[in-house]
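Here is how the chains run, residue by residue.
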Amino acid sequence: HAHAAACLAENGWPLDGPAVLGVVLDGLGLGDDGALRGGEFLLADYRHATRVGTLKPVAMIGGDQASREPWRNLYAQIVAEMGWPAFVSRFGELEVHRRLSEKPLRVIDRMLAVGLNVPLASSCGRLFDAVAAAVGVAFERQDYEGQAGAMLESLVDEEALHDEAEELAYGFTIAPLDGTGLPCVQAGAMWCALFEDLVRATPPGIVAARFHRGLARVITGMAVELKG
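Note on numbering: residues in each chain are counted from 1, in written sequence order. Local features in this predicted model are restricted to residues of pLDDT 70 or higher, and side-chain atom pairs are both shown and tallied only at a pLDDT of 80 or more, whereas totals for entire chains, interfaces and linings draw on every residue. Each side-chain value is worked out from all heavy atoms of the structure, with water and hydrogens disregarded.

**Student:** Even after reading the chapter, I still don't get the overall build of the chain, so can you show me in this structure?
**Tutor:** When its secondary structure is counted, the chain shows ten helices and seven strands. Whereas a compact globule of 228 residues would reach a radius of gyration of roughly 17 Å, the chain reaches 18 Å, a difference of no more than 12%. Summarising its shape, the C-alpha atoms of the chain cover approximately 55 × 45 × 35 Å along the three principal directions. Among the 228 residues that make up the chain, the fraction classed as buried is 49%. Summarising the internal contacts of the chain: among those between residues at least 6 apart in sequence, 67% fall at separations of at least 24. Accessible surface computed for the chain: about 11,100 Å², of which carbon and sulfur atoms make up 55%. Starting at the N terminus, helices and strands are each numbered in turn, a helix being any DSSP run of H or I of at least four residues and a strand any DSSP run of E of at least two. C-alpha atoms define the radius of gyration in this analysis, and the globule rule sets the expected value at 2.2 Å times the number of residues to the power 0.38. We call a residue buried when its accessible area falls under 20% of the maximum for its residue type, exposed when it is over 50%, and partly exposed in between, using a 1.4 Å probe and counting protein chains only. The contact rule is simple, with two residues in contact once any of their heavy atoms fall within 4.5 Å. Working definition of accessibility: Shrake-Rupley area with a 1.4 Å probe, residue cover restricted to the visible protein chains.

Structure representation (structure tokens):
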């Protein structure tokens with residue numbers, strides 16, 4: 001809500017103006033229900049905010065450690081969106097599979113199974129961390145929160161970003177979030193397309209561009225859906 005209100009102020013929105021649809025893409029913040037947020041669509045004015053859409057919440061393996069070690073977010077995304085066995089079956093030839101296999105996955109799976117130090121977070125920043133790790137950027141660690149995402153952005157191939165066919169952008173889906181019914185951006189299709197590109201040895205800059213374009217497209221689509 002603070003992010004949305006700051007944008008209202010920056011753009012001279014009147015204090016008594018009507019609520020607007022705010023798209024808040026952040027690393028991590030605390031929701032008014034105590035949940036971890038960071039990828040939210042809010043109907044907001046200066047005084048109030050109602051959550052009307054979200055990114056899919058995914059486990060932060062190890063809690064705060066996930067903000068420092070991007071590979072944790074990558075593994076969490078794989079488990080949440082396709083499952084590790086399906087990933088191994090389809091994409092086991094990838095270098096990222098080898099690197100993840102060297103991690104204590106059995107321990108992590110037990111943590112996920114019992115909910116031990118794996119809080120869910122709808123963080124856009126952690127999604128960027130996961131994609132960065134997948135293409136080999138800051139796989140092990142980042143020195144500060146957001147570094148991996150900034151490095152991923154710096155990789156973007158400008159020609160691919162602006163001139164590639166629209167259908168090459170990675171697809172996301174919008175579906176109701178379990179338990180709330182909120183419209184929710186889900187990344188399963190994106191991950192399949194990204195890993196298929198890695199199998200084809202697509203350059204990291206093109207992968208980064210396709211991810212950014214796909215995310216921008218689904219955010220726009222969500223805004224249009226919520227407005228309608």
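**Student:** Is there a simple way to explain the packing of aromatic side chains in this structure?
**Tutor:** Pairs of aromatic rings are described using the distance from one ring centre to the other and the angle between the two planes. The rule is short: rings of Phe, Tyr and Trp, with Trp giving its six-membered ring, pair when the centres are within 6.5 Å, and they are stacked under 30 degrees, edge-to-face over 60, tilted in between. All chains considered together, the criterion is met by eight aromatic pairs. Ring pairs connect the aromatic residues Tyr75, Trp84, Phe87, Phe91, Trp191 and Phe195, which therefore count as one cluster. Two limits define a charge over a ring: the Lys NZ or Arg CZ must be within 6 Å of the ring centre, and within 35 degrees of the ring normal. Between Arg99 and the ring centre of Phe139, over which it is positioned, the NZ or CZ distance is 4.1 Å.

**Student:** Sorry if this is basic, but what is going on with a nonpolar patch on the surface here?
**Tutor:** Patch rule: a residue counts if its relative accessible area is over 30% and it has no salt bridge; like charges are joined within 9 Å, and nonpolar side chains (Val, Leu, Ile, Met, Phe, Trp, Tyr) within 5 Å. A pairing counts as a salt bridge when a side-chain nitrogen of Lys or Arg comes within 4 Å of a carboxyl oxygen of Asp or Glu. On the surface, a nonpolar cluster with roughly 210 Å² of combined accessible area is contributed by Leu21, Val23 and Leu25. Looking at where Val23 falls in the secondary structure, it is placed in strand S1 (residues 20-30).

**Student:** What is the right way to read helix H1 (residues 2-10) from this model?
**Tutor:** In an α-helix there are 3.6 residues to a turn, and that puts residues three or four apart on one side. Looking only at H1, the buried set comprises Ala4, Ala5 and Leu8. All buried residues of H1 fall inside an arc of 95° around its axis, so they share one side. With respect to the buried face of H1, the exposed residues turned more than 90 degrees away are Ala2 and Glu10. Looking at the buried side of H1, the elements it contacts are S1 and strand S2 (36-44). Downstream of H1 by one or two residues, Gly12 has phi in the positive range, about 70°. Note that the arc is computed from the directions linking the helix axis to the C-beta atoms.

**Student:** When you look at unusual backbone geometry in this model, what are you seeing that I'm missing?
**Tutor:** Peptide bonds are, in most cases, trans, and in most cases residues other than glycine have a negative phi. Phi is positive for Ala138, close to 50°, though the residue is something other than glycine. Of the residues examined, Ala138 reaches a relative accessible area of 15% and is grouped as buried. Positioned with a positive phi, Ala201 is a non-glycine residue whose angle comes to about 60°.

**Student:** Is there a simple way to explain the packing of helix H6 (residues 124-134) against helix H9 (residues 188-199) in this structure?
**Tutor:** Geometrically, a packed helix pair is captured by the angle between its two axes and the distance between the axes. Axes here mean lines fitted to C-alpha atoms, for a helix over just the part in contact, with angles spanning 0 to 180 degrees between N-to-C directions. Closest axis-to-axis distance for the H6/H9 pair is 11 Å, and the angle between their directions is 20°. One finds that H6 runs roughly parallel with respect to H9. For H6 against H9, the interelement crossing comes out right-handed. Facing Leu127, Ala130, Val131 and Ala134 of H6, the residues of H9 in contact are Met190, Trp191, Leu194, Phe195 and Leu198. Throughout, the ten residues Ala, Val, Leu, Ile, Met, Phe, Trp, Tyr, Cys and Pro are labelled nonpolar, Asp, Glu, Lys and Arg are labelled charged, and all others, Gly among them, are labelled polar. For the contact of H6 with H9, a count of residues per class yields nine nonpolar, no polar and no charged. Convention used here: angles under 35 degrees read as roughly parallel, angles over 145 as roughly antiparallel, angles from 65 to 115 as roughly perpendicular, and any remaining angle as oblique. Handedness of a helix crossing follows the sense of rotation of the near helix relative to the far helix, less than a right angle counterclockwise being left-handed and clockwise being right-handed.

**Student:** Please explain the pairing of S1 as it appears in this structure.
**Tutor:** Every other side chain in a regular strand lies on the same face of the sheet, so the side chains alternate between the two faces. A pair of strands counts as paired when DSSP detects no fewer than two bridges linking them. The pairing of S1 with S2 spans eight bridges and is classified as antiparallel. Among the inter-strand pairings, Gly22 is bridged to a residue of S2, identified as Leu42. Connecting the antiparallel pair S1 and S2 is a turn made up of five residues, with Gly34 showing a positive phi of about 90°.

**Student:** What am I meant to see in the nonpolar core here?
**Tutor:** Nonpolar side chains in soluble globular proteins tend to be buried together. Among buried residues, those of type Ala, Val, Leu, Ile, Met, Phe, Trp, Tyr and Cys that are joined through side-chain atoms within 4.5 Å constitute a nonpolar core. Leu74, Met190, Trp191, Leu194, Phe195 and Phe211 are the most contacted members of the largest nonpolar core, which has 56 residues in total. Among all residues touching Leu74, those that are not within four sequence positions of it are Val96, Leu100, Ala130, Ala133, Ala134, Phe139, Trp191 and Phe195.

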